[in-house]
Structure formats: structure tokens, C-alpha cells
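# Descriptive analysis of the structure
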Amino acid sequence: MNQKPSNLTYGQHDSPPFPVNILLGIQHAALAMVFIVYPLILVAEVKGSDKDAEGVVTATILAMAIGTFLQSFGRKGMGSGFLAVQIASPIYLPVAIMAAHTGGIGLACGMTVIGGLFSLLLSRYLKYLRPLFPAEVCGVGVMMLGISMIGPGVGRFAGFHGAEVPDLRALAVGFITIALMSGLSIWVKGAIRLYSAVIGLLAGYAAALVTGLIEPQSIDVLLADGVIAVPDLHLPALSFEWVLLVPFLMTAVVNSLDTIACMITCQKINEPDWVRADMKSISGGVLADGVASIAGGALGTIGSCVSSSHIALSSATGATSRKTAQLAALLLLFAAFLPPVSKLLAAIPAPIIGAVLIYAAAFLITSGLELIVSRMLDTRRIFMIGFSVIIGIVSIQFEELIVQLPPAVSSIAGSPFAIASLSAIILNLLFRIGTSLNVSLSVEPRLENIASTLDFLENRGAGWGARREVIRKAENAVNELLETLFVSGYADGPLDMNVRFSEHCLDIILLYKGRPLVFSDARPQLPAIIDDDAQAMLLSLALVRQYADRVTADRQKDSQRISMRFEQ
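Residues numbered from 1 in each chain as written. Predicted model: local features only at pLDDT ≥ 70, side-chain atom pairs only at ≥ 80, totals over all residues. Heavy atoms only, no water.

As summarised here, the arrangement of the five strands in space is S3-S4-S5-S7-S6, forming an open sheet in which the pairing is antiparallel. What marks the edges here is a single partner per strand, and that holds for strand S3 (438-443) and strand S6 (550-556). Put simply, the sheet's adjacent strands are angled 15 degrees from each other on average, direction ignored. Pairing between strand S4 (residues 495-501) and strand S5 (residues 505-512): six bridges, direction antiparallel. Paired with Arg-500 across the strands is Asp-507, a residue of S5. (Pairing = 2+ DSSP bridges. Helix = DSSP H or I, 4+ residues; strand = E, 2+ residues; numbered from the N terminus. Axes fitted to C-alpha atoms, helices over the stretch in contact; angles between N-to-C directions.)

Turning our eyes to something else, we now look at the nonpolar core. It is characteristic of soluble globular proteins that their nonpolar side chains tend to be buried jointly. Ranked by size, the top nonpolar core spans 110 residues in total, and within it Phe-35, Ile-61, Leu-126, Val-140, Ile-260, Ile-282 and Leu-332 carry the most contacts. Apart from residues no more than four positions distant in its own chain, Ile-260 is found in contact with Leu-126, Phe-133, Cys-138, Ile-282 and Val-286. Among the nonpolar cores identified, the runner-up in size contains 38 residues, and Ile-450, Ala-466, Tyr-490 and Ile-562 belong to it. (Core = buried A, V, L, I, M, F, W, Y, C linked by side-chain atoms within 4.5 Å. Buried < 20%, exposed > 50% of the residue type's maximum accessible area, 1.4 Å probe, protein only. Contact = heavy atoms within 4.5 Å.)

All told, the structure shown has two aromatic pairs when counted by the stated rule. On the numbers, 5.3 Å between centres and 25 degrees between planes, the contact of Phe-383 with Phe-387 is stacked. Of this pair, Phe-383 and Phe-387 both sit in helix H16 (residues 379-397), four residues apart, which is roughly one turn of that helix. Given a relative accessible area of 42%, Phe-383 falls into the partly exposed group. Look at Phe-387 and you get partly exposed, because its relative accessible area is 38%. Seen from their ring centres, Trp-464 and Phe-501 are 5.2 Å apart, and the 5 degrees between their planes marks the pair as stacked. Separated by 37 residues along the polypeptide, Trp-464 in helix H20 (residues 450-464) and Phe-501 in strand S4 bring together distant segments of the chain. (Phe/Tyr/Trp six-rings, centres within 6.5 Å; stacked < 30°, edge-to-face > 60°.)

Our focus in this paragraph is the environment of Gly-104. Looking at where Gly-104 falls in the secondary structure, it is placed in helix H4 (residues 93-123). Gly-104 gets classed as partly exposed once you look at its relative accessible area, which sits at 23%. Sequence separation between Gly-104 and Met-537 is 433 residues; the distance between their C-alpha atoms is 77 Å.

Moving on, we get to a nonpolar patch on the surface. Residues Phe-383, Phe-387, Ile-390, Ile-391, Val-394, Phe-398 and Leu-401 make up a contiguous nonpolar surface patch of about 640 Å² in total accessible area. Inspection of the secondary structure puts Val-394 in helix H16. (Patch = residues over 30% accessible without salt bridge, like charges linked within 9 Å, V, L, I, M, F, W, Y side chains within 5 Å. Areas by Shrake-Rupley, 256 points an atom, 1.4 Å probe, with all protein chains shown as cover. Salt bridge = Lys/Arg side-chain N within 4 Å of Asp/Glu carboxyl O.)

Next up on the list: H20. With 15 residues, H20 should reach 21 Å at 1.5 Å per residue; the first-to-last C-alpha distance of 21 Å fits that figure. If you check which residues of H20 are buried, you get Ile-450, Thr-453, Leu-454, Phe-456, Leu-457, Gly-461, Ala-462, Gly-463 and Trp-464. Each element contacted by the buried residues of H20 is listed here: H16, S3, helix H21 (468-488), S4 and S5. At the exit of H20 stands Gly-465, carrying a positive phi of roughly 70 degrees. (Expected span 1.5 Å × (residues − 1).)

Take unusual backbone geometry next. Of note, the phi angle at Lys-76 is positive, near 55 degrees, even though the residue is not glycine. For Lys-76, the position within the fold is in the loop between helix H3 (50-73) and strand S1 (86-88). Unusually for a residue other than glycine, Lys-557 sits at a positive phi of about 60 degrees. Its place among the elements puts Lys-557 in the loop between S6 and strand S7 (559-567). Given the relative accessible area of 78%, Lys-557 is considered exposed.

Taken by themselves, the reported measurements are silent on function.
Okay, here's the thing in C-alpha cells:
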């Protein structure tokens, strides 16, 4: 990933100027703290005190700092090497609440440690699981992750709070926040675009203060414990229950799927010619994710995941440097020593959280769709995508019914992202039954047969879910090759075309009896191609070599063999 996309001001391996990087780091650290709302929900469920809430906030900040630094490391198998900020995972929240109701915060944290250990194990075997995660399956997961944010985001944005009508003050705060975050990313260029998120968040806080969503006297409480102090951690007494093992292991799998989807999105943002998932980077990302979840559980908070909102922010602002992630991690660590930060975050206005969720949802839905349509789709894949999305939407529509299911089932079925992703994986494997990755076709040497040969490639490409660009190149190469063989009379009889597909490449082998074609490095003389058949043939063969990544011509027994490889 050495080539930086044109829409990025600072790419993955760039080093922004220190003043710029400080502001970018503050922006990402501030946005990460918004998602501390998830462990605070856990504290509310067990009716914890304000001190409990502040202790969970501190533990979460420390876990986010550890995870974010490890993600940016990207060496020796640890971390993805991207600007991938770790936050408290909403995926872990349902099972954490279930465990807390069973045996308190200590049980929830102990089982979170088990989930993190399972993620570590899973990260070591991801390269063998690559066929489970083609682009269209990951696209379903990314899109449903965005869709699942709409309900919670809109509810907080509009300030329903159980009421049937929206709160106009909440709407005003939410609108100001999201309008600045998105508007500055769209219409403003230069330095201001880089800081669109932090400007939107600060404006949202100011609007909340003006409209009365934040009481002015509550600001005095922020300094009650001083400005700087050693973090007040309430380390839990970890405990474990076998009955909760399956729900937490499944949650760890789904959390890893979320990380995989986020890592693929990072790769697409940072690599303009992205082709397929880099499993080494993804494996390191899942490993760092597991370590962060273990740290979170040990410190007294819920599991961790990569923040899709920060990925959306980095793309929108055009700054994806991993140096920014490292600075954000240091800022988060410093924030753990600031009691006013913990107190402020414990009372973050809901409309600001809603604006951030909607901002991220818009980016994720379109990114998921882009992943899906990057591959050719046949009937099998259309139904796989459609059924999986429907199942995810059903999870949203029948939420009240799903919560009545056994905990091991509801923890997965109640997450639109989880159930849609698992459905896509299962249906993808099921619908592959009867699909051969190695096919052949016999072609009579007549020009009118070229069209049916190209249709054959088109249909097989859709069945395999090949990249559109690869199939187009293969069709152009085969078209030039067949025209040359048929028009020049090099083929004395039918041609046998063997096509083999894999996640890495598309191989096409042509076998025929007749004279051999010679692929040379000589350049065709363009003015002479109209009247000189030899020059016309030289041009056609040069085009074949241009379309294919590798071309070889040799003999196989008594037949001529032309082999072409197209990288996937």
C-alpha cells in the first residue's frame, strides 16, 4: 500500500506536521470517548453508583488507549498498521448485560477475558478461513453494521427518551453536530476539513449548553476531584460461568467479523487499486482486538472493537496516518489521568451520540454496497445477499420477540450485523454446492462462435463472483486471441478452452492443433497494420499480453497450448 489515493491528504504511512497531528489526534480521541456510552449502559443496568460509572469510564479509556496503539503498531504480527481506533464494543454489550444480571460486573468482565482469548486464537487461523469472507459477504456485514446504527442513532438524535414526539432541543443539537461534521467534510477544503469532527462535537456541546440539555451548574462538579489525579480503577473480581461460554465465544466471533469488515474498509480507503483482502493485516488487527478485549475485561469494562465511525472520519477528512492513531492513543492515556474528562463523559448529551452514529451509518452503508457490487453477481449471490439483508432487517423489526429467546440465541439473533453476517457466510457456503471452479468449452474455429465463448466467460465469472475488471480483461484477451487464430487459419480444428478460478487468479488455457503463435517483444508498426497481416497479428498478440498478467505459449503433446493468467 505504498501509493496514496488522491483523495487523501495524509496517507497511512505519511507523517503529518506535529501541530496538524495533535489536532487530528484530539479529534479521534474525543470521538472515541463518545462510545463510552456502551459500558455506561452496563453500569446503569446493574444500578451502579456515580463512582462506579467514573471507574468504568477510566477503565474504558485505558483499554481504548492500549488497543489503539496496538492496532497502529502493524509489526511482527501485532496490529493492522492502520488508523483504527479501538472503542468499547456494542457487540459485547448484550452478553455483558446478561452476565451482569447473572453474577455481577465481575462475571461480565471475566467472560469478556475469555472472549478476548478466543479472538487471539481465531486470529492465528484467519488465513485458512479466507474463503469464508469474499467481498460480497463482507459487504453484507459492513452494510448491516451501518443499518443497525440507524435506530439507536435516530432515537438519540431526536431525543425520544420513551416519548412519542421528538425533543426540539435534542433535534437542534443533533442537527448542528451532524451538519458541521458532514458539511465541513463536503464543502470545505484544507485544514478545516481535517478537523470537521472535533468542530462538530464542540459545537454540539455548546448547543447543548445553550439549549439547556446540559445544566450550567453541572460544570462546577467537573473540578470536584481536581484536574489531574491517578486513575481511580475499580478492578473487578473476575469470575466465570460455563453456561455463558457459548454466548461469549459466539460474540467474540461476531466481534472479529466486525473487525475484519473494518480492516477491509481501511484497506480499500488506503489502497486505490484494492483487489482482495490482505489477511496478514487483518490477522494482526484481530489479534490486537483480542488483546484490547482482554485488557478491558481485566480493568473492569466490556470488550473492545475497531471503530467504524473513526474509519468514516479518517476517510471523510482525508487523513489516515497511523501516526495519528499512535498520538490518539497517547492522548487517551493522558485523559485517564484527568478526572474532569471522566465526569464529562459520564453525562455526554444523547443527541451528540446520535449524530455520530448517523454520520458513521451513512458511510458504512455505502461502503458495504460498494464492496458488494465490486464482484459479479449471479442468481446464487443475489439470493445470498438478499436473504442475508432481509434476515438482518427482521432482527430489527422483531426485536421484542427476539429478546424472549434463550440468551445463547438472542445474543446473536438480536444483533442485525451478527445474524446477517453469519447468514451470509452460511448461505455463501450452501449456494456454492454444484459450482465448479474448473470448467472447459470446445470452440469450433468460426468467427460467429466468439460471441458465445465470451458469454460463457461472463456467466462463469458471475457464478464465481469474480471481479468485473478481471472478466472484462479475460474477455478482451480471448476475443483478440480467437479472432487471430480463426482469421489467420492457425487452428486446424476445434479449440479446447479450460478455465480455472481461484480467489487469487483466473487461468485460461487454449489447446488447438495447428501452427504455433509467437509472442514476441517486437512493437507493431501502426501505419502498416491496415495492409500488413503480420503487423495486424503482432498488434493483436500485443493486446493479449496487455490484457493478461502473464502469457505463455508452448506445446502439450501434439497440440499448441496458450496459457493466460489474470490476477484477481
